[in-house]
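Structural overview
If you want the building blocks of each chain, they are given just below.
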Amino acid sequence: MTIAIRYSDQRRQFGPEGGSEVPILNYRMHQRRLLPNLAKTYAVHFALQYLTNRFLNRTEAEMQEIEALATGLKSYSTWSTRDILQECREACGGKGYLSENRIDALKNDTEIYTTFEGDNTVLMQLVAKNRLSEFRKSFGEMGSLGIINYVYENAKTALSEKNPIATRRTEDEHLLDSEFHHQAFVHREKTILASAARRIKKLVDGGLEAYDAFNVVQHQMIDVAQAYLERIVLEQFQEALKTINDEKSKEILTKLYQLFALSQIEKNKAWYLEDGYMEAVKTKAIRKIVNQLCWDIRPDAVALVNAFDIPESCLSAPIAKQ
């Protein structure tokens, strides 16, 4: 991110007729390619800090939860690394392909982590099984009652959020509100989890062995794990903002947080539309505000990557020199 954003801030190209060339980071599409990824990089950083602190201060009773979280964040962060490096490489054009600018080496060094210590897809299935553990009693002694109660409680919560007024709200104050973000992430996680549990229960009741039932819903298991991890990452970004005292820094990082939250909702907009949680007018408004946040963050983009404080000797990329 540091290499790509510094280069994009300095590389000038085109511009208004008769005017000067402008940095390519001023182009809206270039901002769209890099700045949501910068926001996600910060978000993942805070989530990994949270995981580390949970592990260092662990109790025996927490270990199963911490292991599942570590398993999930390993997959989430290494997939993110792979995808962000590819976008950075392409955003730097031919310069990004040159070995001297290091992105190829970074890709080679990190790509292995998507399968090292476990294939990410398999690990995500393990995370989903852990998330479904709260339903295990429902599969046995409690029959369908546990699932029904869970779905009912989730439905009561969602009822107020899915009324026609809420699903169409498009004002900036609402879309930028952290409570709205959190509710949207939690609703998606709970709904996907309950849906997977209901489906597995139905398959088991129909005579399938538990192993075969899980095999049938493997694709849905990935959704369960993904929604859980996205909620955790969002919450840790929210918690990190509470620790910042410098007002200017907090203002910038709040915009970065909002960009992360809304770009994730935008990524999952098809699910929200199918679920009825949002209407098209709202998802269109979210797309518009994501574009605006990219524009607002652009002046601080270089400062945000410089804050990583990576030594120049480690960057060692000619296009990243300021």
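So, a few notes on the structure that sits alongside this text. (Residues numbered from 1 in each chain as written. Predicted model: local features only at pLDDT ≥ 70, side-chain atom pairs only at ≥ 80, totals over all residues. Heavy atoms only, no water.)

1. A few points about empty space enclosed by the protein
Quick note on the threshold: Buriedness of a pocket was judged along seven lines, with at least five required to meet protein on both sides within 12 Å; pockets are open sets of points on a 1 Å grid over the protein atoms alone, cavities are sets where a 1.4 Å probe fits but cannot get out, and lining residues have an atom within 4 Å of a point. Grid points are joined across faces, edges and corners, and a volume is the space filled by probe spheres set on the points. Counting from the N terminus, the helices are DSSP H or I runs at least four residues long and the strands are E runs at least two residues long. All amino acids are sorted into three groups, where Ala, Val, Leu, Ile, Met, Phe, Trp, Tyr, Cys and Pro are nonpolar, Asp, Glu, Lys and Arg are charged, and the leftover types, Gly among them, are polar.
Counting across every chain of the model gives 1 cavity of 30 Å³ or more. There is about 40 Å³ of room inside the largest cavity. Phe 185, Arg 188, Glu 189, Ala 227, Glu 230, Arg 231, Asn 268 and Tyr 272 together form the lining of the largest cavity. Secondary-structure elements contributing two or more residues to the lining of the largest cavity are helix 11 (178-205) and helix 13 (218-242). Residues that form the lining of the largest cavity fall into these classes: 3 nonpolar, 1 polar and 4 charged.

2. Observations concerning the packing of aromatic side chains
Put simply, the test is: Here a pair means two rings of Phe, Tyr or Trp (six-membered ring of Trp) with centres within 6.5 Å. Their orientation is stacked below 30 degrees between planes, edge-to-face above 60, and tilted elsewhere. Only protein chains enter the accessibility calculation, which uses a 1.4 Å probe. A residue is then buried if its area is under 20% of the maximum for its type, exposed if over 50%, and partly exposed in between. Throughout this description, the term charge over a ring refers to an Arg CZ or Lys NZ atom that lies within 6 Å of the ring centre and within 35 degrees of the ring normal.
Considering all chains together, one arrives at 8 aromatic pairs under this definition. The interplanar angle of 35° and the centroid separation of 5.4 Å between the aromatic rings of Tyr 42 and Phe 308 together place this pair among those described as tilted. With Tyr 42 in helix 2 (residues 28-56) and Phe 308 in the loop between helix 17 (301-306) and helix 18 (312-315), this residue pair connects regions lying 266 residues apart in the sequence. In this structure Tyr 42 comes out as buried when scored by relative accessible area, which is 9%. Each ring, one from Trp 271 and one from Tyr 272, has its centre 5.2 Å from the other, and the planes form 85°; the classification is edge-to-face. If you follow Lys 40 out to its NZ or CZ, it ends over the ring of Tyr 76, 4.9 Å from the centre. Sitting above the plane of the Trp 271 ring, Arg 188 keeps its charged end 5.7 Å from the centroid.

3. Looking at the packing of helix 2 against helix 3 (residues 63-91)
Definition in use: What counts as an axis is a line fitted to C-alpha atoms, over the stretch in contact for a helix, and the angles between N-to-C directions run from 0 to 180 degrees. Roughly parallel here means an angle under 35 degrees, roughly antiparallel means over 145, roughly perpendicular means 65 to 115, and every remaining angle is called oblique. Handedness of a crossing follows from how the near helix is turned relative to the far one, being left-handed for an anticlockwise turn of less than a right angle and right-handed for a clockwise one.
Relative orientation of the contacting elements helix 2 and helix 3 amounts to 155°, with a least axis distance of 10 Å. Here helix 3 runs roughly antiparallel to helix 2, going by the angle between their axes. For the pair helix 2 and helix 3, the crossing hand works out as left-handed. When its residues are assigned to classes, the contact of helix 2 with helix 3 shows 16 nonpolar, 5 polar and 6 charged.

4. Things to note about the side chain of Gln 220
Definition in use: Distance and chemistry together define a polar contact, namely a pair of N or O atoms within 3.5 Å, with one atom able to donate a hydrogen and the other to accept it when in protein, and with adjacent residues in sequence counting only for side-chain atoms on both sides.
Within the element layout of this structure, Gln 220 appears in helix 13. Among the polar contacts listed, one links the side chain of Gln 220 to the side chain of Ser 195, at a separation of 2.9 Å.

5. A closer look at a nonpolar patch on the surface
What counts here: In this scheme, patches are assembled from residues that exceed 30% relative accessible area and form no salt bridge. Like charges are connected within 9 Å, while nonpolar side chains (Val, Leu, Ile, Met, Phe, Trp, Tyr) are connected within 5 Å. Shrake-Rupley sampling with a 1.4 Å probe provides the accessible areas, and residues are treated as covered by the protein chains on show and by no other component. Only one rule defines a salt bridge in this text: a Lys or Arg side-chain nitrogen within 4 Å of an Asp or Glu carboxyl oxygen.
Together, Ile 112, Tyr 113 and Phe 116 make up an exposed nonpolar region whose accessible area comes to about 290 Å². Structurally, Ile 112 can be placed in the loop between helix 5 (103-110) and helix 6 (120-131). With a relative accessible area of 41%, Ile 112 lands in the partly exposed category.

6. Description of the pattern of salt bridges
Inspection of the entire model under this criterion finds 16 salt bridges. The salt bridge partner of Arg 33 is Glu 87, with a shortest N-O separation of 2.7 Å. Of the two residues, Arg 33 is situated in helix 2 and Glu 87 in helix 3; the sequence distance between them amounts to 54 residues. Arg 33 sits in the partly exposed class, given a relative accessible area of 23%. Measuring nitrogen to oxygen at the nearest pair gives 2.7 Å for the salt bridge that ties Arg 231 to Glu 189. Within this pair, whereas Arg 231 is found in helix 13, its partner Glu 189 is found in helix 11, the two being separated by 42 residues in sequence. Here Arg 231 and Glu 189 have matching classes, each one buried.

7. So, the nonpolar core
In a soluble, globular protein the nonpolar side chains are often hidden away together inside. For clarity, the threshold we go by: Remark: nonpolar core denotes a set of buried residues (Ala, Val, Leu, Ile, Met, Phe, Trp, Tyr, Cys) joined through side-chain atoms within 4.5 Å. Any two residues whose heavy atoms approach within 4.5 Å are treated as being in contact.
Counting residues in each nonpolar core, the largest one holds 85 residues, and the members touching the most others are Ile 5, Leu 38, Phe 237, Leu 256 and Ile 265. Look past the residues within four positions of Ile 5 in its chain and what remains in contact with it is Leu 25, Leu 34, Leu 35, Leu 38, Ala 301, Val 302 and Val 305.

8. Digging into the environment of Leu 262
Along the polypeptide, Leu 262 turns up in helix 14 (residues 247-267). Between the alpha carbons of Leu 262 and Leu 176 there is a distance of 8.1 Å; along the sequence they are 86 residues apart. Residue contacts for Leu 262: discarding those within four places in its chain leaves Leu 175, Leu 176, Phe 180, His 181, Ile 286, Ile 289, Val 290 and Leu 293.

9. Notes on the packing of helix 3 against helix 6
Where helix 3 meets helix 6, the axes come as close as 9 Å, and the angle between the chain directions of the two elements is 145°. For the crossing formed where helix 3 meets helix 6, the hand is left-handed. Of the residues in helix 6, those touching helix 3 at Gln 64, Ala 68, Thr 71, Gly 72, Lys 74, Ser 75, Thr 78 and Trp 79 are Asn 120, Thr 121, Leu 123, Met 124, Val 127 and Asn 130. Per-class residue counts for the contact of helix 3 with helix 6 are 5 nonpolar, 8 polar and 1 charged.

10. A closer look at helix 11
Our working rule: Each helix should span, by expectation, one fewer than its residue count multiplied by 1.5 Å.
The end-to-end C-alpha separation of helix 11 is 40 Å, in line with the 40 Å expected for 28 residues at 1.5 Å each. Residue Gly 207 follows helix 11 closely and has a positive phi angle near 110°.

11. Side note on the layout of surface pockets
Empty space among the atoms becomes apparent when a probe as large as a water molecule is rolled across them. One number sums up the size of the largest pocket: a volume of about 760 Å³. Lining the largest pocket are 26 residues, with Met 1, Thr 2, Thr 41, Phe 308 and Ile 310 positioned closest to its centre. Contributing elements (two or more residues each) for the lining of the largest pocket: helix 1 (2-10), helix 2, helix 3, helix 5 and helix 18. When the residues that make up the lining of the largest pocket are grouped by side-chain class, the tally is 18 nonpolar, 7 polar and 1 charged. When its volume is computed, the second largest pocket comes out at roughly 280 Å³. Contributing to the lining of the second largest pocket are 13 residues, with Lys 40, Asp 83, Gln 226, Gln 264 and Lys 267 lying nearest its centre. When contributions to the lining of the second largest pocket are tallied by element, the ones reaching two or more residues are helix 2, helix 3 and helix 14. Ranked by the residues each element gives to the lining of the second largest pocket, the list is headed by helix 3, at 5 residues. Here the residues of the lining of the second largest pocket sort into 4 nonpolar, 5 polar and 4 charged.

Any link to function would need more than the numbers given here.
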